[in-house]
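# Notes for the structure review
One-letter residues, chain by chain:
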2 protein chains.
Amino acid sequence: MKEFENACREADLKVTHQRLELYRELAQAEDHPSAETLYKRLIKKLPTLSLDTVYRTLATLEKHRLITRVQTIESQARYEAKMDKHHHVVCSRCRTITDFTWDHFDEVQVPKAVVGWGKVIRRNAVLEGICKACARQP
Amino acid sequence: MKEFENACREADLKVTHQRLELYRELAQAEDHPSAETLYKRLIKKLPTLSLDTVYRTLATLEKHRLITRVQTIESQARYEAKMDKHHHVVCSRCRTITDFTWDHFDEVQVPKAVVGWGKVIRRNAVLEGICKACARQP
DNA sequence: TAGTAATTAGGAATTATTCTTGTTTAGTAT
DNA sequence: ATACTAAACAAGAATAATTCCTAATTACTA
């Protein structure tokens, strides 16, 4: 959290109660929550919190690269505070997103066609399948 | 297009004028268009087309795996008809999505943690960077 | 401790998508 | 060819997700 505060100051972002709580909540969440989900969780601690603030804060923090917006095919945007290199595997049944690391993928050369395309800055693997919990069910 | 018609029949989908035109348009598009974009393009040929039909048709074709919904962080859903294994590189500046193939990625083993997670059915690489056209500009 | 620019709350507005209803049409059986 | 029927369609209303607007509040600065 101290790191987060410093990062805010460096980015000229005021360290507000709302930002701290939102970041804390997102950082400890494992489920890549949506704005609405975060709002529901935070309203207990911050009864006057507005949904707009959640959206605005998420956008602000994302712009300053303090959090990431997760790529999904869902209609609601989902976020995560985990910023070290990692990838996602999504269960097509329950839609749970699970993190994993993949050093080989991070380092392997991209195809020539991509080198010709331009400069790659980030790479992400998104796997899809059926998680074990779901596989046990009909 | 003949293949598409047969695929429709096999899936018990009626071969309607709207479906044919939409699929034709999507199949020749290179830009992974959204529902709205497709609608604007199709309205010239199909003046009575409704936006809802575009949404409905895209959803139907996706369900039957005749087209794919592309993972993006944008608010509008984007689609493609290309169904052979391929991946995407997105320009963070102009948001253009470019396809590429990557045999090595398709075949390389996924990390052990993922094997423990469940059964992976599809894998997708999403790269992000700056395309050459954008790099030339300030 | 006061000043001020950034941030917030709350509600209105917008955007993207889905639903509802009545009409049309593709595929099928005559 | 013609009629039948379920599927698909058009149009507009409704919903969901997100953003905008304005006045009030608050974090940082002097």
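Residues numbered from 1 in each chain as written. Chains lettered and ligands numbered in written order. Predicted model: local features only at pLDDT ≥ 70, side-chain atom pairs only at ≥ 80, totals over all residues. Heavy atoms only, no water.

## Considering the protein's contact with DNA strand C
- Around DNA strand C, 21 residues are found, and the nearest of them are Q18, T53 and R56 of chain A together with D52 and Y55 of chain B.
- Backbone atoms, meaning sugar plus phosphate, form 71% of the atoms of DNA strand C positioned within 4 Å of the protein.
- S50 of chain A is positioned such that a nitrogen or oxygen atom in its backbone is 3.3 Å from a phosphate oxygen of DNA strand C.
- With respect to DNA strand C, the side chain of T53 of chain A contributes an N or O atom lying 2.3 Å from a phosphate oxygen.
- Residue assignment for the surface near DNA strand C shows that the elements contributing at least two residues are α2 (17–28) and α4 (51–63) of chain A together with α4 (51–63) of chain B.
- Of the residues that constitute the surface near DNA strand C, the class distribution is six nonpolar, seven polar and eight charged. (Near = heavy atom within 4 Å. Polar contact = N/O pair within 3.5 Å; in protein donor to acceptor, adjacent residues only side chain to side chain. Helix = DSSP H or I, 4+ residues; strand = E, 2+ residues; numbered from the N terminus. Nonpolar A, V, L, I, M, F, W, Y, C, P; charged D, E, K, R; others polar.)

## Remarks on the environment of R78 of chain B
Residue and element names in this part refer to chain B.
- Turning to its location among the elements, R78 is positioned in strand β2 (residues 78–80).
- Overall, the relative accessible area of 11% leaves R78 in the buried class.
- C-alpha separation for the pair R78 and P33, spaced 45 residues apart in sequence, amounts to 5.3 Å.
- One polar contact links the side chain of R78 to the main-chain carbonyl oxygen of D31, over a distance of 2.8 Å. (Buried < 20%, exposed > 50% of the residue type's maximum accessible area, 1.4 Å probe, protein only.)

## Considering helix α1 (residues 2–10) of chain B
All names here are of chain B.
- Every buried residue of α1 is accounted for by F4, E5 and C8. Down the axis of α1, the smallest arc covering the buried residues is 100°, so these residues share one side. Those residues of α1 that are exposed and aimed more than 90 degrees away from the buried face are K2, E3, R9 and E10.
- Among the structural elements, α2 (17–28) and α4 are those in contact with the buried residues of α1.
- One or two positions beyond α1, positive phi appears at D12, with a value near 60°. (Arc of directions from axis to C-beta. Contact = heavy atoms within 4.5 Å.)

## Considerations on the nonpolar core
- By size, the foremost hydrophobic cluster in this structure holds 28 residues, and its most contacted members are W102, F105 and L127 of chain A together with W102, F105 and L127 of chain B.
- Looking at this core, the elements with two or more residues in it are β3 (87–91), α6 (112–117) and β5 (118–131) of chain A together with β3 (87–91), α6 (112–117) and β5 (118–131) of chain B.
- Contact partners of L127 of chain A, with chain neighbours within four places excluded, come to H88, V89, V90, F100 and W102 of chain A together with V110, V114, V120, R122 and R123 of chain B. (Core = buried A, V, L, I, M, F, W, Y, C linked by side-chain atoms within 4.5 Å.)

## Thoughts on the packing of helix α3 (residues 35–42) of chain A against α4 of chain A
All names here are of chain A.
- Across the interface, α3 lies against α4 with an axial gap of 9 Å and an inter-helix angle of 125°. Taken together, the axes of α3 and α4 are oblique relative to one another. Handedness of the crossing formed by α3 with α4: right-handed. Contacts between α3 and α4 involve A35, E36, L38 and Y39 from the first element and L51, V54, Y55 and L58 from the second.
- Residue classes in the contact of α3 with α4 are distributed as seven nonpolar, no polar and one charged. (Axes fitted to C-alpha atoms, helices over the stretch in contact; angles between N-to-C directions. Parallel < 35°, antiparallel > 145°, perpendicular 65-115°, else oblique. Left-handed = near helix turned anticlockwise from the far one by under 90°.)

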